[in-house]
Amino acid sequence: MTKNPSNFKKVAIIGAGINGLYLAWKLSERKHKVTVFEKRDKIGKEACSGLFSEKILRFIPESKKMVQNEIRSVLIHFPKRTVRVEFAEKFCVMDHSKLDNLAASLAEEAGARIVLNNQVDSLPQGFDRIIGCDGADSAVRKNLKLAGPSYRFGIQGFLPLEDHSDCVETWPVAKGFIWKIPRGKETEYGIISSPREAKGILDDFLARSRIALGRTKAALIPQGFSIPKNSSTVTLCGDAAGLTKPWSGGGVVWGLLAADLLLKNFPDFLKYEKEAGRFFLGKIVFSEIATSAVYFFGSRVPWLFPKNVKIQGDFLM
């Protein structure tokens, strides 16, 4: 813990998502003065499947009570072959909104101030450090004039069908996949694909499968890692930095891993940028190549794949 009062920083965090709230919690525990600015009138991301590897329990141990179901494998339904992929560590199904609210409570208990209904269009003044955790369409990233990410589109819907099985099912489609997640007390279907095609592809799949979803939610999913390389006072983390897995679009654990790198190097944002680059860039490139190869060969020569594969769920290498 920082002991010299002169080392305490006044920190602005833009965005009260899981990454911003986690950073607010941990920085406040170190006695930095943290203010979180959130444009919405409440805490909690709603459009997210909440399927996280059990690493989430290491970051936020209190979240263990929120686990709705545990997932140990995924079935990938290629057109002519189904492959079962087992995870080296299980995945936990949670309500992302409740997880955010838990993190907000921990941050406030540690001394962070969370300001709702506060749209930040320009970098706030009077702070020693500014951290952009404001999602796919990050205003902080735009203020830094960094190149924007590419986007995919995620849609999810729910059936009041109880399912406690430990296996997710997926169907590869253009630039993504359709999924079925057993959430315990209900079942979720969804898609990640290009913004223009996602809804049509999902609607066609649901019609052929005779599935009528209830409530639905949607969100943009960024892809394209970007952190400022020459700023000692402003940086990015999580979706604002384009940190999502190329194969699944999931970004929570990757964002929290980046947050821990930021905390390790705080208040030196330049060291954080270098270490985050070393940690993620190779993994991102490899994952993009591997994902493209799996989709290409899976749809054309699926017999090349064994019927059972085991991977570490957060990284492909």
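Residues numbered from 1 in each chain as written. Predicted model: local features only at pLDDT ≥ 70, side-chain atom pairs only at ≥ 80, totals over all residues. Heavy atoms only, no water.

*Asks:* Is there a simple way to explain the sheet that holds strand β7 (residues 129–132) in this structure?
*Replies:* To summarise the sheet geometry, strands pair through backbone hydrogen bonds and adopt either a parallel or an antiparallel arrangement. With respect to topology, five strands assemble into an open sheet ordered β6-β2-β1-β7-β13, the strand pairing being parallel. Each edge of the open sheet carries a strand with a single partner, namely β6 (113–115) and β13 (234–236). Taken over all neighbouring pairs, the strand axes of this sheet differ in orientation by 20 degrees on average, direction set aside. Sheet topology places strand β2 (residues 33–37) next to β6; three bridges connect them, and they run parallel. (Pairing = 2+ DSSP bridges. Helix = DSSP H or I, 4+ residues; strand = E, 2+ residues; numbered from the N terminus. Axes fitted to C-alpha atoms, helices over the stretch in contact; angles between N-to-C directions.)

*Asks:* What am I meant to see in the pattern of salt bridges here?
*Replies:* Pairing between side chains becomes possible if they bear opposite charge and their charged atoms approach one another. Counted by the stated rule, this structure contains 17 salt bridges. Linking K55 and D314 is a salt bridge whose minimum nitrogen-to-oxygen distance equals 3.1 Å. Of this pair, K55 sits in the loop between β3 (51–53) and α2 (56–59) while D314 sits in the segment after β14 (308–311), and the two are 259 residues apart along the sequence. The exposure class assigned to K55 is buried, which follows from its relative accessible area of 11%. The exposure class assigned to D314 is buried, which follows from its relative accessible area of 0%. Sharing partners across several salt bridges, the network here consists of K55, R58, E89, K245 and D314. (Salt bridge = Lys/Arg side-chain N within 4 Å of Asp/Glu carboxyl O. Buried < 20%, exposed > 50% of the residue type's maximum accessible area, 1.4 Å probe, protein only.)

*Asks:* Is there a simple way to think about helix α7 (residues 269–300) in this case?
*Replies:* In a regular helix each residue adds 1.5 Å, so 32 residues correspond to 46 Å; α7 covers 45 Å between its end C-alpha atoms and thus fits that length. The sharpest bend along α7 reaches about 30 degrees and sits at G277. On its buried face, α7 sits against β4 (69–78), β7, β12 (216–223), β13 and α6 (252–265). Two to three positions downstream of the cap, the backbone nitrogen of L270 sits 3.1 Å from a side-chain oxygen, assigning the N-cap of α7 to D268. (Expected span 1.5 Å × (residues − 1). Bend = angle between axes of the 7 residues up to and from the residue. Contact = heavy atoms within 4.5 Å. Polar contact = N/O pair within 3.5 Å; in protein donor to acceptor, adjacent residues only side chain to side chain.)

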